[in-house]
Amino acid sequence: MFTDKQSFVDAFKERFIALNGKSIEDGTEQEVYQTLATMVREQAMPKWIHTRDRQEEKHSKQVIYFSLEFLLGRFLYNNLLSLDVLELVRDGLQDLGYDFTDITELEPEPGLGNGGLGRLAACFLDSLAALSLPGHGNGIRYRYGLFKQKIVDGYQVELPDNWLRDGNMWETRRQDKAVEINFGGWIEMKQIGDRLRVVHHPDEVVLAVPYDMPIIGYQNDVVNTLRLWNAESPLDDEAYLEKTKGTYKDLLKHKQSIATISEFLYPDDTTYEGKVLRLKQQYFFVSAGIQSMLASYLKRNKSLKQLGDHYAIHINDTHPVVAIPELMRILMDEHGYGWDEAWRITKSVMSFTNHTLLAEALEKWPVEMYQRLLPRVYQIIEEINRRFCRDVLVNYPHLESHMGEIAIVSNEQINMANLAVVGSHSTNGVAQIHTDILKQREMRYLYEMFPLRFNNKTNGITHRRWLLKSNPRLSDAITEAIGPSWVEHPNDLEKLMDVSKDRSFQERVMDVKQQNKLDLAAYIQEETGEKVDPHSIFDVQVKRLHAYKRQLLNALHIHALYLKIQADPTFTMVPRTFIFGAKAAPGYYYAKEIIRYINALATLINKDKRASQFIKVIFLENYRVSMAERIFPGSDLSEQISTASYEASGTGNMKFMMNGALTIGTLDGANIEIRDAVGDDHIFIFGLSPQEVMNYKKFGGYHAAEMYHAHQEIKDVVDGLVNGTFDKVGEYQFQSIFDSLLVYNDDFLVLKDFVSYMRAQRRVDEVFSDQARWAESSIVNTAKSGIFSSDRTITEYANAVWNIKPTSVK
Ligand SMILES: *Cc1c(COP(=O)(O)O)cnc(C)c1O
């Protein structure tokens, strides 16, 4: 335990020797990091135990957030902040001759998620703990997180992310809480008296071993748990050889095959692949999570009838939907409940979030695969479906003709989203427009049947990581102006409205931005070797690479500016630095071509003496949470330019806004709510509305070629993709991009929005030229960002979906 600098320094020296067998003078930074992390962990341990005790003692209802992804980012800095020992540790390390920032950057980053969905799960854990809510995470301890991205000659190259190589200082293995997971085999029905007993004879048994990570609440003594499961063999080596009479080689093969289940995160946030393994992963962590939840519930309760009063399971997207038939199975086969009672309990426990409307991401599993891998679970799904279809025919006969669309099993496939809605008490979308479209389009018939189950929970971000931690300069300026209450109550940021027109506060905020931009410029130079003008507009698009997010629209705008500069010797503009960060799914050829195009533009423009006076293009490789934390504080302009109606919410948009960047964006996802919050004067909106896009998609009527022929500017850039423009920097051609626009008629309406986008960009230049006006907008954006704190989102879930209450542990 340490409470001041000196006690920390003394304890640190002692711990260092105990752990490393040498004195600190001979230590490496790696050893310093590990010693520090060990001490922080120890500091949190009593609080961790205390939180568990208090939550049990008070019979607090708990939520378990089931998610295949948690994009956590580093812990050390946040944990120090939460434990309120940041300053003394920073100063103490300095006394010991170490730079605090260097040490924190040695922490390997748990990148156990792809993008927004996984990062949301991490922000939710942070808010649950900060709000003293009993809420925990359940996921997989992937041996390898999301791939590391390198750019080689403009191409994306993927490398494995071996994040566990030097150990994970925050995890605790809990061998005693391991559970078994059964796959394959056959089902035996035994008549015992008047009861039918179901016995599953699996052909593969996997041991799920939990690794727990503390989730430390912000200065409130709460420590919740993220439980990540590792797949292992249930037998020790000798027992395996004994039992199977196999060879040593067989043993290695067996162990390898089991370990595969928790080996990799699937590097694709919209579709699924490696199907059988992916299904195994889903069932593996879901079954393990439910078993461990029931074990802890049954320690204090006999009957499972009231399970829903004590536990909620939240299903993050369709990946964990198998939780519904799995809980049914356990209630019926292992605890003897009848169907109706089991079904009532299951629905009372489960709630579900839909994250996307993209057809390719709405999971459907082949019946045959489920039958083979999860025979008993499949029987239950079939029975859920049979009863559901009967209900439709009896009570909603007019929906019979839509049965294929709403049934849980149809066309030899299991529709996981339908199963989720039918088997839970709550389904939510992640921004108002997204929920509305869900109700009107994708799920209109289920909405008709269960209108009260549908609700909206607009996403949020934790302001502790994304403002307090990552932007200390702005945090200080805010606190100086309005006091520190915003840290606990982010809506208090609204008080900044009183000073949004105050010249001296505007100057203060612009000065902070300038310093942050200098930091970002230094980082860019370190990463890419490129020098950028810190007085230029930092125009940033960072997010996964996907056609619907339209990095292409941004790139075409840059390309058009380049052509103008070439064509017009008198051309002038407000200088811009275009910054990109984006990983493409390894099998997504088109997305990788767009990365190559952006890098080709960078090479062409940054080398050009005249063009590079006005514009520069930076592609930062390996976009991830720690990089994001460095980018948002130094950004002027936030690119949120998805085809309207395609981006469910977005959360990157909220991080930029909170850090005082202005948004250029379409009316899509949470951009609409950002616009409503800040007002039209403080955001640059352009392009088709969601309704217009949906009409084109439904009725046709868009012809990309017409745009191409009607606008010389469009024709010039599109031709530039294939006419040898890039020959001076290598023989780059972008035929597939050209074809996507003109041969395949531009699915994402890039050319349709191009002119409107160019115009909005010129408005950006105008406003930026008036620094007082820009400063006011920047302050308004931060002031109005409180509602996008995930504390607001989690409070809504806690009250309206989970029915959980804060449990103080102080
Ligand atoms: C916030 C975040 C995302 C999500 O960004 P969107 O712009 O909402 O798609 C993805 N990756 C990382 C690392 C993030 O921090």
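Residues numbered from 1 in each chain as written. Predicted model: local features only at pLDDT ≥ 70, side-chain atom pairs only at ≥ 80, totals over all residues. Heavy atoms only, no water.

Quick word on unusual backbone geometry
For residues besides glycine, phi is generally negative; the peptide bonds are generally trans as well.
Move 1: Positioned with a positive phi, Asn622 is a non-glycine residue whose angle comes to about 65°.
Move 2: Relative to the helices and strands, Asn622 is located in the loop between β22 (615-619) and α26 (625-631).
Move 3: The buried category is assigned to Asn622, whose relative accessible area is 12%.
Move 4: Look at Asp746: it is not a glycine, yet its phi comes out positive at around 50°. (Helix = DSSP H or I, 4+ residues; strand = E, 2+ residues; numbered from the N terminus. Buried < 20%, exposed > 50% of the residue type's maximum accessible area, 1.4 Å probe, protein only.)

What to know about helix α24 (residues 589-606)
Move 1: For α24, with 18 residues, the first-to-last C-alpha span of 26 Å sits near the 26 Å given by 1.5 Å per residue.
Move 2: Of all 18 residues making up α24, 16 are buried, and the element is well covered by its neighbours. (Expected span 1.5 Å × (residues − 1).)

Regarding the packing of aromatic side chains
Move 1: One pass over the full model with this rule turns up 26 aromatic pairs.
Move 2: Grouped by ring-pair contacts, the aromatic residues Phe2, Phe8, Phe12 and Phe16 constitute a single cluster.
Move 3: A cation sits over an aromatic face here: Lys583 above Phe147, 5.4 Å from the ring centre.
Move 4: Over the face of the ring belonging to Trp466 we find Lys655, whose NZ or CZ atom lies 4.3 Å from the ring centre. (Phe/Tyr/Trp six-rings, centres within 6.5 Å; stacked < 30°, edge-to-face > 60°. Lys NZ or Arg CZ within 6 Å of the ring centre and 35° of its normal.)

A word on the nonpolar core
Move 1: Judged by nonpolar contacts, the single largest core of 197 residues is most densely connected at Phe284 and Tyr370.
Move 2: With residues up to four places along the chain from it excluded, the contact list for Tyr370 reads Leu279, Val322, Trp365, Pro375, Val377, Tyr378, Ile381, Ile414 and Met416. (Core = buried A, V, L, I, M, F, W, Y, C linked by side-chain atoms within 4.5 Å. Contact = heavy atoms within 4.5 Å.)

As for the sheet that holds strand β16 (residues 409-410)
Pairing between sheet strands relies on hydrogen bonds along the backbone, with the strands arranged either parallel or antiparallel.
Move 1: With antiparallel pairing, the three strands of this open sheet are ordered in space as β15-β17-β16. The two strands at the open ends of the sheet, each matched to only one other strand, are β15 (364-366) and β16.
Move 2: Across two bridges, β16 lies against strand β17 (residues 413-415) in antiparallel orientation. Of the residues in β17, the one forming a bridge with Val409 is Ile414. (Pairing = 2+ DSSP bridges.)

Thoughts on the sheet that holds strand β20 (residues 537-542)
Move 1: The six strands lie next to each other as β22-β21-β20-β23-β24-β25, forming an open sheet whose pairing is parallel. Taken across any chain shown, the strands that pair with only one partner, and hence form the sheet edges, are β22 and β25 (684-685).
Move 2: One ladder, built from two bridges, connects β20 with strand β23 (residues 637-640); its direction is parallel. The partner of Asp539 across the bridge, within β23, is Leu637.
Move 3: Along the sheet, α24 makes contact with β21 (576-581) and β22, crossing β22 at roughly 140°. (Axes fitted to C-alpha atoms, helices over the stretch in contact; angles between N-to-C directions.)

Brief notes about the site of the ligand
Move 1: Around the ligand there are 14 residues in total, and Lys543, Lys549, Thr651, Gly652 and Lys655 lie nearest to it.
Move 2: The side chain of Lys549 places a nitrogen or oxygen atom 2.8 Å from an oxygen atom of the ligand.
Move 3: The contact in question runs from an oxygen atom of the ligand to an N or O atom on the backbone of Gly652, over 3.0 Å.
Move 4: A total of 390 Å² of accessible area belongs to the ligand in isolation, and the protein chains cover 96% of it.
Move 5: Looking at the shell around the ligand, the elements that each hand over two or more residues are α26 and α27 (652-658).
Move 6: Among the residues forming the shell around the ligand, the class breakdown is five nonpolar, five polar and four charged. (Near = heavy atom within 4 Å. Polar contact = N/O pair within 3.5 Å; in protein donor to acceptor, adjacent residues only side chain to side chain. Areas by Shrake-Rupley, 256 points an atom, 1.4 Å probe, with all protein chains shown as cover. Nonpolar A, V, L, I, M, F, W, Y, C, P; charged D, E, K, R; others polar.)

Here's the deal with the UniProt feature "modified residue: N6-(pyridoxal phosphate)lysine" (unreviewed entry) in the protein chain
Move 1: Taking the numbering used here, the UniProt-annotated feature "modified residue: N6-(pyridoxal phosphate)lysine" (unreviewed entry) corresponds to Lys655.
Move 2: With respect to the secondary-structure elements, Lys655 resides in helix α27.
Move 3: Since its relative accessible area comes to 7%, Lys655 is described here as buried.
Move 4: When residues no more than four places from it in sequence are discounted, the contact partners of Lys655 are Arg119, Ile461, Trp466 and Phe632. (UniProt positions renumbered as here; feature names shortened; annotations may be inferred.)

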